[in-house]
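Working through the structure, step by step
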Amino acid sequence: MDSLTQIVLGAACGEAVLGKKIGNKALLFGAIGGTIPDLDVFIGSLLHKNEIDAMLFHRGFMHSILFSVLAAFLLGWLVHKLYDRGKRLDTTTQKDWISLFFWSLFTHPILDCFTPYGTQLFAPFSNYRVAFNNIAVADLLYTTPFLLCMIILMFFNRQNNTRRLWLKLGIGISSAYMIFTIFNKLHIDNVFETSLAEQNITYQRFSAQPSILNNILWYGIAETETNYQVAFYSLLDKSNQFSEWRTISKKRLLNTHYDSDIECLSWFSNHYYNVQELDNGEFIYNDLRYPLVKTREGYKSVFNLKLYESEGRLDMKPFEPEMEDFSFTMSALWERLKGK
């Protein structure tokens, strides 16, 4: 999920493990641990000149179970050596620090698995991207109560049991909401499958995921033999079915010179994509896993990548979300969320 949410979850892990021993410093170290996996964005840019390769590095090995274990031992040993000295000698153990970093690192990719982006949890042994699609990358109802609870507990002494109560509330409320989104996802899948049948759409597979910042408005995409069929559904809709159906082309790049790069991008988007060739020789790669957004020019893919040829391969321009008029797009999202 988004960086703020990962910081909050990491801080909660730090508090759970070392809060009673070192107080608010446990929140800080937990937040650092919860941030580390996302540093692969910067490391990928350093390791790869090609922007496609750099993007594909994200949510790879640094989001795996193996990395969580290895990094926990390394960071636990290092921080214990640096922290447990002088007046703080024998206040913590190496086991405490290994535990703190393991839980703050491990919960990061686990949380990411619930989003549509996909997380290589089993790297380097498998490049399978785990994506349960039950919560958006950013969801205010998950993050806000959790964040407030973490802020409130900071004002209590580390030995005060009220501090523990607020920790339990933060974890409990966010976990309860996550469980709700899982059951909601199962419900939405059933609604989409029924809607496809009512539309007489013969499909090969389908996927449904929530729109940004909420778990009320959902987007469904079904792949047929010749195209994609997409639609929207809000829990507040009067009818219990997806509507606003649109047909999207399955046009894909046929130039075999770029097959390997397109195949990598196809894997990244779980093969829900199409490619448009521009007049200037560049290409637009539309990742169709994510909901279309409404703009003044009509509905567009929010996650589109501008590709161009460089040194015999495809490369990518810096990603910019397809929202020329952000206020208009968010207003349209809110109006559709309220139901029809």
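Just so it is clear, the model here is predicted, and its values are computed rather than measured. (Residues numbered from 1 in each chain as written. Predicted model: local features only at pLDDT ≥ 70, side-chain atom pairs only at ≥ 80, totals over all residues. Heavy atoms only, no water.)

**Focus on the packing of aromatic side chains**
Each pair of aromatic rings is reported with the distance of its centres and the angle of its planes. Keep this limit in mind: Each Phe, Tyr or Trp ring, with Trp reduced to its six-membered ring, pairs with another whose centre is within 6.5 Å; inter-plane angles below 30 degrees give stacked pairs, above 60 give edge-to-face pairs, and intermediate values give tilted ones. A ring has a charge above it when a Lys NZ or an Arg CZ is no more than 6 Å from the ring centre and no more than 35 degrees off the ring normal.
In total, this model carries 24 aromatic pairs according to the counting rule given. The side chain of Arg289 reaches across the aromatic face of Phe268, ending 4.9 Å from its centre.

**Focus on the sheet that holds strand β9 (residues 304–310)**
This is how it is decided: Pairing between two strands is assigned when DSSP locates at least 2 bridges connecting them. The secondary structure listing takes helices from DSSP runs of H or I that are at least 4 residues long and strands from runs of E that are at least 2 residues long, numbered from the N terminus. Only the contacting stretch of a helix is used when fitting its axis, a line to C-alpha atoms as for every element, and angles between N-to-C directions run 0 to 180 degrees.
The antiparallel open sheet is built from four strands, whose spatial order is β5-β6-β9-β10. Of all strands in the sheet, those bounded by a partner on one side alone are β5 (273–277) and β10 (313–316). Along the sheet, successive strands turn relative to each other by an average axial angle of 30 degrees, direction set aside. Direction of pairing for strand β6 (residues 283–287) relative to β9: antiparallel, over a ladder of four bridges.

**A short note on the environment of Arg164**
The criterion, for reference: Between N or O atoms, a polar contact is any pair within 3.5 Å; within protein, one atom must be a potential hydrogen donor and the other a potential acceptor, and residues adjacent in sequence are included only when both atoms are from side chains.
Within the secondary structure layout, Arg164 lies in helix α8 (residues 161–198). Here the alpha-carbon distance between Arg164 and Glu15, two residues 149 residues apart in the chain, equals 8.6 Å. Here the side chain of Arg164 touches Glu15 through a polar contact of 3.4 Å, landing on its backbone oxygen.

**What about the side chain of His58?**
Going by this rule: Burial status follows relative accessibility: with a 1.4 Å probe on protein chains alone, a residue under 20% of its type maximum counts as buried, one over 50% as exposed, and anything between as partly exposed. We call two residues in contact when some of their heavy atoms are within 4.5 Å.
Among the secondary structure elements, His58 is positioned in the loop between α4 (51–57) and α5 (65–83). Owing to a relative accessible area of 15%, His58 belongs among the buried residues under this scheme. With residues up to four places along the chain from it excluded, the contact list for His58 reads Asp38, Asp40, Val41, His63 and Tyr117.

**Quick look at the pairing of β10**
Direction of pairing for β9 relative to β10: antiparallel, over a ladder of four bridges. Within β10, the position partnered with Ser310 by the bridge is Arg313. Hairpin connection between β9 and β10: a loop of two residues separates the two successive antiparallel strands, and Glu311 in this loop has a positive phi of roughly 55 degrees.

**Some remarks on the packing of helix α7 (residues 140–153) against α8**
Working note: a packed helix pair is described by the angle between its axes plus the distance between those axes. Using the following cut-off: Here roughly perpendicular refers to angles of 65 to 115 degrees, roughly parallel to angles under 35, roughly antiparallel to angles over 145, and oblique to all remaining angles. Gly falls in the polar group here, along with every residue not listed as nonpolar (Ala, Val, Leu, Ile, Met, Phe, Trp, Tyr, Cys, Pro) or charged (Asp, Glu, Lys, Arg).
Contact geometry of α7 with α8 gives a least axis separation of 8 Å together with a crossing angle of 175 degrees. Here α8 runs roughly antiparallel to α7, going by the angle between their axes. Across from Leu141, Tyr142, Pro145, Phe146, Cys149, Met150, Ile152 and Leu153 in α7, the residues of α8 making contact are Arg163, Trp166, Leu167, Leu169, Gly170, Ile171, Ile173, Ser174, Tyr177 and Met178. Split by residue class, the contact of α7 with α8 holds 15 nonpolar, two polar and one charged.

**Comments concerning the sheet that holds strand β3 (residues 227–234)**
Taken together, the four strands give an open sheet; going across it, the order is β1-β2-β3-β4, and neighbouring strands pair in antiparallel fashion. Two strands in the sheet have a free side with no partner beyond their single neighbour: β1 (205–210) and β4 (243–249). Neighbouring strand axes in the sheet, compared pairwise and without regard to direction, differ in orientation by 20 degrees on average. Note that strand β2 (residues 217–223) and β3 share seven bridges and pair antiparallel.

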